[in-house]
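# Descriptive structure summary
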Amino acid sequence: MWANMTEAELRQLFPALPPLQHNAGWLPLVVHCLAQMAKAGLNLQQPRVLQIKQKLGSLRIHIDTSGMSEPQRTAIALLAAQALTASRSVCELCGQDAQLRVGASGCRTLCALHAQGTLPHPSTFDAMDTP
Ligand SMILES: [Zn+2]
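As a starting point, this report considers the structure included with it. (Residues numbered from 1 in each chain as written. Predicted model: local features only at pLDDT ≥ 70, side-chain atom pairs only at ≥ 80, totals over all residues.)

### Description of the overall build of the protein
A tally of regular secondary structure across the protein gives 5 helices and 5 strands. Element order for the protein, N to C, with α for helix and β for strand: α-β-α-β-β-α-β-β-α-α. Counting across all 131 residues of the protein, residues that qualify as buried make up 26%. In the protein, 56% of the contacts between residues at least 6 apart in sequence involve partners at least 24 apart. (Helix = DSSP H or I, 4+ residues; strand = E, 2+ residues; numbered from the N terminus. Buried ≥ 20, exposed ≤ 12 C-beta atoms within 10 Å, placed from the backbone. Contact = placed C-beta atoms within 7 Å.)

In structure tokens:
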């Protein structure tokens, strides 16, 4: 049920999710990570996911693990770290192979085409560069 899920479908299943503060290329990473976290015991029907955002060019998924067992906390932290690592080679805009690039608008993980600016950037691209 998780594969190729759109943000709207994800949100319909889990209304407690916070806004996704990144661009569409990372949605599959987020969906995969949340699916693994759910298997590890995270209840996505509760407001446990505190934040999902791009920061310094990588994907940050912050989870409230209070009340969870130590093995569950460890598993959740590991999955968040894996998603962060994975995001460093996936274009935030289109999901293609990418690398971390440092430019005028900060650090972004972009494919060659998006780094050159030959494809249009979504209007949200710079607006979301929150600390
Ligand atoms: Zn791209």
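### Here we look at the nonpolar core
Residues Leu29, Cys33, Met37, Ile61, Ile63 and Ala83 are the most contacted members of the largest nonpolar core, which totals 22 residues. Listing elements by their share of this core, those giving two or more residues are α2 (27–39), β2 (49–55), β3 (58–63) and α3 (70–87). For this core, the element with the most residues is α2, which contributes 5 residues. With near-sequence residues (within four places) excluded, methionine 37 lies in contact with Leu42, Ile63, Ile76 and Leu79. (Core = buried A, V, L, I, M, F, W, Y, C linked by C-beta atoms within 7 Å.)

### Some thoughts on the sheet that holds β2
Taken in spatial order, the 3 strands of this open sheet run β1-β2-β3, and their pairing is mixed. Each end of this open sheet is capped by a strand with a single partner; those strands are β1 (20–21) and β3. Pairing of β2 with β3 involves 6 bridges; the strand directions are antiparallel. Bridged to valine 49 within β3 is isoleucine 63. (Pairing = 2+ DSSP bridges.)

### Side note on the environment of leucine 50
Along the chain, the position of leucine 50 falls in strand β2. Taking the number of C-beta atoms within 10 Å as the measure of exposure, leucine 50 has 11 and is therefore exposed. It is 7.8 Å that separates the C-alpha atoms of leucine 50 and leucine 17, two residues lying 33 residues apart in sequence. Apart from the residues within four sequence positions on either side, leucine 50 is in contact with Pro18, His62, Ile63 and Asp64.

### Some details on α2
Taking 1.5 Å of rise per residue, 13 residues should cover 18 Å, and α2 covers 18 Å from first to last C-alpha, within 8% of that figure. For α2, the secondary structure elements touched by its buried residues are β1, β2, β3 and α3. Positioned one or two residues after α2, glycine 41 has a phi angle of 110 degrees, which is positive. (Expected span 1.5 Å × (residues − 1).)

### Considerations on the environment of leucine 79
Examined against the element boundaries, leucine 79 turns out to sit in helix α3. Its 21 C-beta neighbours within 10 Å are what place leucine 79 among the buried residues. In sequence terms leucine 79 and glutamine 36 are 43 residues apart; their C-alpha atoms lie 7.3 Å from each other. Once residues lying within four places of it in the same chain are set aside, the contact partners of leucine 79 are Cys33, Gln36, Met37 and Ala40.

It is worth stressing that arrangement in space is one thing and function is another; only the former is reported here.
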